[in-house]
Amino acid sequence: MATARSFLLALPAVCIVISTAAAGVATAPTNTTGFVSCLAVHLTPGIVYTQASDSYPSVLEFSIKNLRFVTPATPTPLVIIKATHASHVQAAVRCGVAHGVRVRPRSGGHDYEGLSYRSIDAACPFAVIDLAALGAIRVDVRSKSAWVDSGATLGELYYGIANKSARLGFPAGVGPTVGVGGHLSGGGFGLMMRKHGLAADHVVDAVLVDAEGRLLDRAGMGEDHFWAIRGGGGGSFGVVVSWKLQLVRVPATVAVFTVHRPRNRSASDLLTKWQHVAPALPRDVILRVVVQNQDAQFESLYLGRCAGHVATMARMFPELGVRRQDCMEMSWIESVLYFAFYGTGKPAALLLDRGSKPDRYFKAKSDFVHQPIPRRVWESTWSWFLKDGAGLLILDPYGGKMGRVAPSATPFPHRRALYNVQYYGFWWDNGTEALEQHMGWIRGLHQHMEPYVSKNPRGAYVNYKDLDLGVNDYCDDSGAVNSYHKARVWGEPYFKANFERLASVKAKVDPNDFFRNEQSIPPLR
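In this report, we go over the structure that sits alongside the text. Since this is a predicted model, take the numbers as computed values, not measurements. (Residues numbered from 1 in each chain as written. Predicted model: local features only at pLDDT ≥ 70, side-chain atom pairs only at ≥ 80, totals over all residues. Heavy atoms only, no water.)

Counted by the stated rule, this structure contains 25 aromatic pairs. Ring centres of Trp 274 and Tyr 419 lie 4.9 Å apart, and the angle between their planes is 70°; on these two criteria the pair is classed as edge-to-face. Placement of Trp 274 in helix H10 (residues 267–277) and of Tyr 419 in strand E18 (residues 419–427) is noted, with a sequence separation of 145 residues between them. A relative accessible area of 0% places Trp 274 in the buried class. Each ring, one from Phe 412 and one from Tyr 461, has its centre 5.8 Å from the other, and the planes form 85°; the classification is edge-to-face. Residue Phe 412 is found in the loop between strand E17 (391–397) and E18, and its partner Tyr 461 is found in the loop between helix H14 (432–448) and helix H15 (484–495); the two are separated by 49 residues along the sequence. Judged by relative accessible area, Tyr 461 falls into the buried class, the value being 2%. Counting every residue linked through ring pairs, the aromatic cluster contains Tyr 112, Phe 189, Phe 362, Phe 368, Tyr 398, Phe 412, Tyr 424, Phe 426, Trp 428, Tyr 461 and Tyr 464. Positioned above the aromatic ring of Tyr 474 is the side chain of Arg 104, whose terminal nitrogen or guanidinium carbon lies 4.4 Å from the ring centre. (Phe/Tyr/Trp six-rings, centres within 6.5 Å; stacked < 30°, edge-to-face > 60°. Helix = DSSP H or I, 4+ residues; strand = E, 2+ residues; numbered from the N terminus. Buried < 20%, exposed > 50% of the residue type's maximum accessible area, 1.4 Å probe, protein only. Lys NZ or Arg CZ within 6 Å of the ring centre and 35° of its normal.)

Taken as a whole and assessed by the stated rule, the structure comprises two disulfides. Here Cys 38 connects covalently by a disulfide to Cys 95, the sulfurs 2.1 Å from one another. In this structure the cystine formed by Cys 38 and Cys 95 twists about its S-S bond by roughly -75°; its chirality is therefore left-handed. Here Cys 38, found in helix H2 (residues 32–42), pairs with Cys 95, found in helix H4 (residues 86–99); they are 57 residues apart in sequence, far enough to count as distant. Residue Cys 38 shares its accessibility class with Cys 95, and that shared class is buried. A sulfur-sulfur separation of 2.2 Å characterises the disulfide bridge that pairs Cys 306 with Cys 327. For the disulfide bridge between Cys 306 and Cys 327, the dihedral angle about the S-S bond is near -90°, and by the sign convention the bridge is left-handed. (Disulfide = S-S within 2.5 Å.)

A separate point is the pairing of strand E8 (residues 203–209). Of all seven residues making up E8, six are buried, and the element is well covered by its neighbours. Looking at chain direction, E8 and strand E9 (residues 215–216) are connected through two bridges and run antiparallel. Of the residues in E9, the one forming a bridge with Val 209 is Leu 215. Between E8 and E9, which pair antiparallel and follow one another directly, the connecting turn spans five residues, one of which, Gly 213, has a positive phi of 80°. (Pairing = 2+ DSSP bridges.)

This brings us to the pairing of strand E6 (residues 145–149). Taken across its five residues, E6 has five buried, putting it largely inside the fold. Residues Ser 145, Trp 147 and Asp 149 point to one face of E6 and Ala 146 and Val 148 to the other, with burial holding for every one of them. Inspection of the sheet shows strand E5 (residues 137–140) paired to E6 by four bridges, in the antiparallel sense. Bridged to Ile 137 within E6 is Val 148. Connecting E5 to the antiparallel partner E6 that follows it, the hairpin turn spans four residues, and Lys 144 within it adopts a positive phi of roughly 55°. Strand direction decides the pairing type here: E6 and strand E10 (residues 239–246), joined by five bridges, are antiparallel.

On to the sheet that holds E5, then. Pairing is antiparallel in the open sheet, where five strands are placed in the order E5-E6-E10-E8-E9. Where the open sheet ends on each side, the last strands, each with one partner, are E5 and E9. H4 rests against E8, E9 and E10 of the sheet, and its axis sits at about 50° to E8. Against the sheet, helix H5 (residues 154–164) contacts E5, E6 and E10, and its axis sits at roughly 35° relative to E5. (Contact = heavy atoms within 4.5 Å. Axes fitted to C-alpha atoms, helices over the stretch in contact; angles between N-to-C directions.)

The mixed open sheet is built from four strands, whose spatial order is E1-E2-E4-E3. Strands at the two margins of the open sheet, each flanked by one partner only, are strand E1 (48–50) and strand E3 (102–106). Taken pair by pair, the neighbouring strands of this sheet meet at an average axis angle of 20°, ignoring direction. For E3 and strand E4 (residues 126–130), the ladder comprises five bridges, and the chain directions are parallel. Across the sheet, the residue bridging to Arg 102 is Phe 126, located in E4. Along the sheet, H2 makes contact with E1, strand E2 (79–82) and E4, crossing E2 at roughly 20°. H4 rests against E2, E3 and E4 of the sheet, and its axis sits at about 170° to E4.

So, about the nonpolar core. Counting residues in each nonpolar core, the largest one holds 75 residues, and the members touching the most others are Tyr 158, Phe 170, Ile 229, Trp 243, Leu 245 and Leu 301. Every residue in contact with Ile 229, bar those within four places of it in the chain, is listed here: Leu 184, Ser 185, Ala 206, Leu 208, Met 221, Phe 237, Val 240 and Trp 243. In this structure, Val 322, Trp 382, Val 421 and Leu 445 belong to the second largest nonpolar core, which totals 43 residues. (Core = buried A, V, L, I, M, F, W, Y, C linked by side-chain atoms within 4.5 Å.)

Have a look at this one:
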């Protein structure tokens, strides 16, 4: 079976002869007219959408999930390039370097702060390379591997694997509409992480377009560059067009349960105990919690049968009161559907639905917890923040394989935490008053939790992007403002000690900071 690398490199490439900056030479001054003309010369018709194109709004909004960024005031791209081949990415990068227009890759997933398709500063033009049409998935059952393009979604990946084998899976996130490219770029955790670690731990090769427009695989880019793209965040080190993944074995039958425990039925006591139990469970088990309103929803996947699942809960967490009738057995792909859509009997084809236009406004923040939070804090959180449906908390436990991998093995450094917390606020009402109310709610909850979470720095997960942590000066080319030292304010919460290495890699592979956004890794000069 041909590898994706040979598949990509063997296809006829667009002839690209563009006068551009060599490595170490500054990007040209901005010339938007020249950039658009360059794209017209070097790309095939029908894949370049300018703001004057009739289809521009629909192409732009195709994968936007957050109504906060669908406003007339949102700075949007000068051009969208809907790439269908790696050579289209190469041409866009080389035209961008030659004419001083930066490009941002968009895989088509969630992008919590929208940095793959919007800018904060309207004065600095940029283009988007939309990868949604680059979504091929090639599974090789014999080698237990798959090449997947960055524009595929996790749902499409899971569906593609299950169509080839019922005994193979991949340890990535719950949401089927999450983009593969962004998920892997940030590390990526999901329901099998305690058994198998992060999604990025299973990336064994990749093909990317670098800041010189070259198409490089792992051998071509080198190990430092390969290390950086597996958790260092998207949009900093090039445009990854395809990833080679090592798949994992899954049992023929897995067990799941979902049980609700309201506040008035000891939910605070259970959450307090859960912090001790969940990270210490056997690696085949994950027990996560979704906390909303006055209810704690305990969700669990066990890579085995219900008899073992219920017995493990009875032994290690009897207070939760899980019964045999709470547990269901199914195949691994059925469990993917169960957690994605909260129900059984859903058709697998649902995993191919990329979703519709955004229907809500939302804001997210995150934390990592290293010491159990006292019961009184859970009680005050119920009373002050979780009483009117304003949002929810998602608690994902670590331990198992997560704790056995060195924090420096990939850019994701938070493997020794007990668990991750995602704070997720959402609303449907338009207007400044609703925005301020709900943004105030999530920021207030985040501040409320500050004494009880990781410190020096207070951690955050890069795939739950949060511009409250700080931003680069995107339009500043002097190098003095958009510096490593300024970026540390947001970079160290995401990457801790790994941030310095990421910035050093950036200086080697993109010294002129062509791949730049408001939270991209700056070069350490």
